[in-house]
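Each chain, written out:
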Amino acid sequence: MAEMVKSTTSSGPRAAEASPVTRFFRATEIDTRLLGMIGALIIIWIGFHIITGGLFLTPRNLWNLSVQTTDIAVMTTGMVLIIVTRNIDLSVGSVLGLCGMIMGVTQAKILPEYIGFDSPFTWAITLLVGLAAGCLIGAFQGIIIAFLNVPSFIVTLGGLLVWRGATWLVTSGQTVAPMDQTFRIMGGGAEGSIGATWSWIVGICACLFVIASIVGSRRQRRRFGFPRRPMWAEYFLAVLSCVLILGAVWIANSYYWPINIAKKYAETNNIPWPETGLDIPYGIAVPVLIAIVVGIIMTFIATRLRFGRYVFAIGGNPEAAELAGIKTRWVTVRIFALMGILAAIAAAISTARLNAATNSQGTLDELYTIAAAVIGGTSLAGGTGTIAGAMLGALVMQSLQSGMVLAHVDTPLQSVVVGTVLVVAVWLDTVYRARAK
């Protein structure tokens, strides 16, 4: 039994001959591809910080960057599962726009006639209507793909055009505004942030969750006789995770409300205005919390549920999965329905942030969503991909866009850079897989 629970660093002559760096990565089980992406992200951040004269790596820009990343990050978690099964969804941007318009019309024009504009139930009903619309649209496309055997590229390309046109037809091209006050919390801003105290509480709870996950994983490995990481590796991962989490919270709490908003808040709550001003931290934005929760749930679905195992089995070998008894067609329908729900969540975040539903909402988001998934390590050949990598890819994409805006790069050139990065990412993925073979 003792031999069965050896640490991963003492597995024979191969481990002894490996370099210290290799042994370190084997012991900690850190994904080197994910680490490479983090390194690339750091280089991008430092580069733009120098180019913009110190504007990029500021609490204000990093806070805005996190909020701007959320809608793509949410959708790319579903795009991973779609690409893993060797499908594609080109309609997510249009679905986002249509769901956003439906939610805008629901809360600004329909519900006020029945329950009033300021009803505490407006935001909940609106969100449920948007989620239902996204689910139905996704399931409809999935049924066509799975049961009518129409390629997903064609179905979703048609969906890109159909749902974008439907968005215009809902209001004949008119912008719908304003949104419900509670609904706007999902968009971020001063109203959509949890403040310093709750941010620290969330950060500490996240650290405890990470530590509990590491302890639980170690116990599970011991229970089933799998090799365990050395104790120093467990401590290293726990400390590193907690430092990153608390560091992110500190940055979020370092960005303060603008003076005008702080003064209005002070007047409303009868708080005397000091001569030095009133520093009220934003804290973690609500849309960022939504994206994190979605990422955790999608990771659980992809790695712990039978449905997730079916998805990767289909991506690895569709014929073998069919012969093994997996109902591949219904799995496909569920994947696209799930993608529709995620597009609706992203639509809620986007609409709340803009405080309006517009016809241009979600334009080109399908390209950024696919690019984020591919940059995050999801293989277009199917069978491989991670939720964390895709969300990190979304952060890379948004960092490029945000940095180029701060550097006053022309819009056409921004598209050139994003397209080039996507092609290079796919090429690197091809090279990596060729060497792995």
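Residues numbered from 1 in each chain as written. Predicted model: local features only at pLDDT ≥ 70, side-chain atom pairs only at ≥ 80, totals over all residues. Heavy atoms only, no water.

The cut-off we apply is this: UniProt positions are given in the numbering used here, feature names are shortened, and annotations may be inferred rather than shown by experiment.
Labelled according to an unreviewed UniProt entry, the protein appears under the name Xylose transport system permease protein XylH, originating from Rhizobium ruizarguesonis. Quoted verbatim from the Function (unreviewed entry) heading of the UniProt record, the comment on the protein is "Part of the binding-protein-dependent transport system for D-xylose. Probably responsible for the translocation of the substrate across the membrane." For the protein, the Subcellular location (unreviewed entry) comment in UniProt is given as "Cell membrane".

1. Topic: the packing of aromatic side chains
Spelled out, the test is: Two aromatic rings from Phe, Tyr or Trp, using only the six-membered ring of Trp, form a pair when their centres are within 6.5 Å; if the ring planes differ by under 30 degrees the pair is stacked, by over 60 it is edge-to-face, and anything between is tilted. Each residue gets one of three labels from its accessible area relative to the maximum for its type: buried under 20%, exposed over 50%, partly exposed in between, using a 1.4 Å probe on protein chains only. Secondary structure elements follow DSSP: runs of H or I of four or more residues count as helices, runs of E of two or more count as strands, with numbering from the N terminus.
In the structure shown here, the tally under the stated rule is 12 aromatic pairs. A centroid spacing of 5.5 Å and a plane angle of 70° characterise the contact between F24 and F25, whose relative ring orientation is edge-to-face. By relative accessible area, F24 is classed as partly exposed at 25%. For F25, a relative accessible area of 22% puts it in the partly exposed group. Judged by centre distance (5.5 Å) and plane angle (55°), the rings of W63 and Y255 are tilted. One end of the pair, W63, is in helix α4 (residues 59-84); the other, Y255, is in the loop between α9 (231-253) and α10 (259-268), with 192 residues separating them in the sequence. Accessibility assignment for this pair places W63 and Y255 in one class, buried. In textbook terms, an aromatic cluster arises when at least three aromatic residues are bridged by ring pairs, as seen for W63, Y255, W257, Y265 and Y282.

2. Some remarks on a nonpolar patch on the surface
Going by this rule: Patch membership is restricted to residues that have no salt bridge and whose relative accessible area is over 30%. Joining uses 9 Å for like charges and 5 Å for the nonpolar side chains Val, Leu, Ile, Met, Phe, Trp and Tyr. Exposure was quantified through the Shrake-Rupley algorithm and a 1.4 Å probe, taking into account, for residues, occlusion by the shown protein chains and nothing else. Each reported salt bridge corresponds to a side-chain nitrogen of Lys or Arg within 4 Å of a carboxyl oxygen of Asp or Glu.
A contiguous nonpolar surface patch, about 660 Å² in accessible area, is contributed by W200, I204, L208, I211, V215, L246 and W250. Among the elements that take part in the nonpolar patch, helix α8 (residues 195-224) stands out by supplying five residues, more than any other. Summarising the element assignment, L208 is placed in helix α8. The exposure class of L208 is exposed, given its relative accessible area of 54%.

3. Comments concerning unusual backbone geometry
Here the bond from A177 into P178 is cis, since omega is -5°, no more than 30 degrees from zero. As for its placement among the helices and strands, P178 is situated in the loop between α7 (152-171) and α8. The phi dihedral of N355 is positive, around 60°, even though this residue is not glycine. Position of N355 among the secondary structure elements: in the loop between α14 (328-354) and α15 (365-375). Here N355 falls in the partly exposed class, since its relative accessible area comes to 25%.

4. Re empty space enclosed by the protein
Here is the rule: Detection works on a 1 Å grid of protein atoms alone, calling trapped sets that fit a 1.4 Å probe cavities and calling open sets with protein on both sides within 12 Å along at least five of seven lines pockets, with lining residues defined by an atom within 4 Å of a point. Grid points are joined across faces, edges and corners, and a volume is the space filled by probe spheres set on the points. Amino acids outside the nonpolar list (Ala, Val, Leu, Ile, Met, Phe, Trp, Tyr, Cys, Pro) and the charged list (Asp, Glu, Lys, Arg) are all regarded as polar, and Gly is one of them.
A complete count under the given rule lists one cavity of 30 Å³ or more for this structure. What lines the largest cavity is D89, S91, V92, V95, I137, G138, Q141, F336, M339, G340 and A343. Secondary-structure elements contributing two or more residues to the lining of the largest cavity are α5 (92-110), α6 (122-147) and α14. Grouping the amino acids of the lining of the largest cavity by side-chain chemistry returns six nonpolar, four polar and one charged.

5. Some words on the environment of A212
Relative to the helices and strands, A212 is located in helix α8. Here the alpha-carbon distance between A212 and A238, two residues 26 residues apart in the chain, equals 9.5 Å.

6. Regarding the domain arrangement of the protein
Here is the rule: Note that domain bounds follow an automatic or database assignment of domains.
Partitioning the protein into structural domains gives domain 1 (33-42 + 68-188 + 303-433) and domain 2 (192-283). Centre-to-centre, using C-alpha coordinates, domain 1 lies 27 Å away from domain 2.

7. Regarding the packing of α5 against α6
What describes two packed helices is the angle between their axes and the distance between those same axes. As a reminder, the rule being used: Helix axes are fitted to C-alpha atoms over the stretch in contact, other axes to C-alpha atoms as well, and angles between N-to-C directions run from 0 to 180 degrees. Any angle from 65 to 115 degrees is called roughly perpendicular, while one under 35 is roughly parallel, one over 145 is roughly antiparallel, and all others are oblique. The hand of a helix crossing depends on one turn: near helix anticlockwise from the far one by less than a right angle means left-handed, and clockwise means right-handed. Between two residues, a contact is recorded if the distance between any of their heavy atoms is within 4.5 Å.
Here α5 crosses α6 at 150°, and the two axes come no closer than 9 Å. Classified by the interaxial angle, the pair formed by α5 and α6 is roughly antiparallel. For the pair α5 and α6, the crossing hand works out as right-handed. Contact residues: α5 offers V95, L98, C99, I102, M103, T106 and Q107, while α6 offers T122, T126, L127, V129, G130, A133, G134 and I137.

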